[in-house]
Amino acid sequence: MAAGRKTGGRTKGTPNKATADVEAAAQAFTTDALEALVHIMKAGESEAARVAAANAILDRGHGKARQSMDIDADVKATVTKIERTIVRPPHPNR
């Protein structure tokens, strides 16, 4: 790396071709996978399998539920140092 700058490889935001190919291949089976989950949810042999399938369907359809945490802490902190760093952005013509 030259003086803290990235000098090679893909530019930021460019997807990895191998990952994109695998993702596209997997997406071809989305409907089949969802149908399999629905079948397991409705007719799975165990309650655990049915619940797991239902959770998977809900997670994909509505996003995973947020988890909350109760934190019981008595924190006493003292600020001992304040530091400000000014970074000069690179000039666009360099």
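Only a predicted model underlies this, so the values are computations on that prediction, with no experimental measurement involved. (Residues numbered from 1 in each chain as written. Predicted model: local features only at pLDDT ≥ 70, side-chain atom pairs only at ≥ 80, totals over all residues. Heavy atoms only, no water.)

1. Some remarks on the overall build of the chain
- From N to C terminus, the chain includes three helices and zero strands.
- Taken against the 2.2 N^0.38 rule, which gives 12 Å for 94 residues, the C-alpha radius of gyration of the chain at 25 Å runs more than 25% over that of a compact globule.
- Its C-alpha atoms give the chain principal-axis dimensions of about 60 × 50 × 20 Å.
- By residue count, 5% of the 94 residues in the chain fall in the buried class.
- Total accessible area computed for the chain in this model is approximately 9,600 Å², and 54% of it derives from carbon and sulfur atoms.
- Distance between charge centres in the chain, computed from 15 positive and 11 negative side chains, equals 17 Å. (Helix = DSSP H or I, 4+ residues; strand = E, 2+ residues; numbered from the N terminus. Rg over C-alpha atoms; globule rule 2.2 N^0.38 Å. Buried < 20%, exposed > 50% of the residue type's maximum accessible area, 1.4 Å probe, protein only. Areas by Shrake-Rupley, 256 points an atom, 1.4 Å probe, with all protein chains shown as cover. Lys, Arg positive; Asp, Glu negative; His and termini not counted. Charge placed at Lys NZ, Arg CZ, Asp CG, Glu CD.)

2. Notes on the pattern of salt bridges
- According to the stated counting rule, one finds two salt bridges in the structure shown.
- Where lysine 17 meets aspartate 21, a salt bridge forms, and the shortest distance between an N and an O atom there is 3.2 Å. Of this pair, lysine 17 and aspartate 21 both sit in helix 1 (residues 17–27), four residues apart, which is roughly one turn of the helix.
- Among the residues examined, lysine 17 registers a relative accessible area of 61% and is labelled exposed.
- Salt-bridge contacts for glutamate 83 lead to lysine 81; the nearest nitrogen and oxygen are separated by 3.3 Å. Lysine 81 matches glutamate 83 in its accessibility class, with the two residues each being exposed. (Salt bridge = Lys/Arg side-chain N within 4 Å of Asp/Glu carboxyl O.)

3. Topic: the environment of arginine 84
- You can see arginine 84 is positioned in the segment after helix 3 (47–62).
- In this structure, the C-alpha to C-alpha distance between arginine 84 and alanine 26, residues 58 residues apart in sequence, is 47 Å.

4. As for helix 3
- Between its first and last C-alpha atoms helix 3 spans 22 Å; for 16 residues at 1.5 Å apiece the expected length is 22 Å, and the two agree.
- Every buried residue of helix 3 is listed here: Ala53, Ala54, Ala56 and Ile57. With its buried residues spanning 160° around the axis, helix 3 presents them on a single face. In this structure, helix 3 carries Glu47, Ala48 and His62 as exposed residues pointing more than 90 degrees from its buried face.
- Summarising the contacts, the buried residues of helix 3 are in contact with helix 2 (30–43).
- Note on helix 3: the residue one or two positions beyond its end, glycine 63, has a positive phi of about 85°. (Expected span 1.5 Å × (residues − 1). Arc of directions from axis to C-beta. Contact = heavy atoms within 4.5 Å.)

5. Here's the deal with the packing of helix 2 against helix 3
- Between helix 2 and helix 3, the shortest axis-to-axis distance is 7 Å and the interhelical angle comes to 140°. Relative to helix 3, the element helix 2 lies oblique. Along this stretch, helix 2 crosses helix 3, giving a crossing that reads as left-handed. Across from Leu34, Leu37, Val38, Ile40, Met41 and Lys42 in helix 2, the residues of helix 3 making contact are Ala49, Arg50, Ala53, Ala54, Ala56 and Ile57.
- A breakdown of the residues in the contact of helix 2 with helix 3 according to their chemical character gives 10 nonpolar, no polar and two charged. (Axes fitted to C-alpha atoms, helices over the stretch in contact; angles between N-to-C directions. Parallel < 35°, antiparallel > 145°, perpendicular 65-115°, else oblique. Left-handed = near helix turned anticlockwise from the far one by under 90°. Nonpolar A, V, L, I, M, F, W, Y, C, P; charged D, E, K, R; others polar.)

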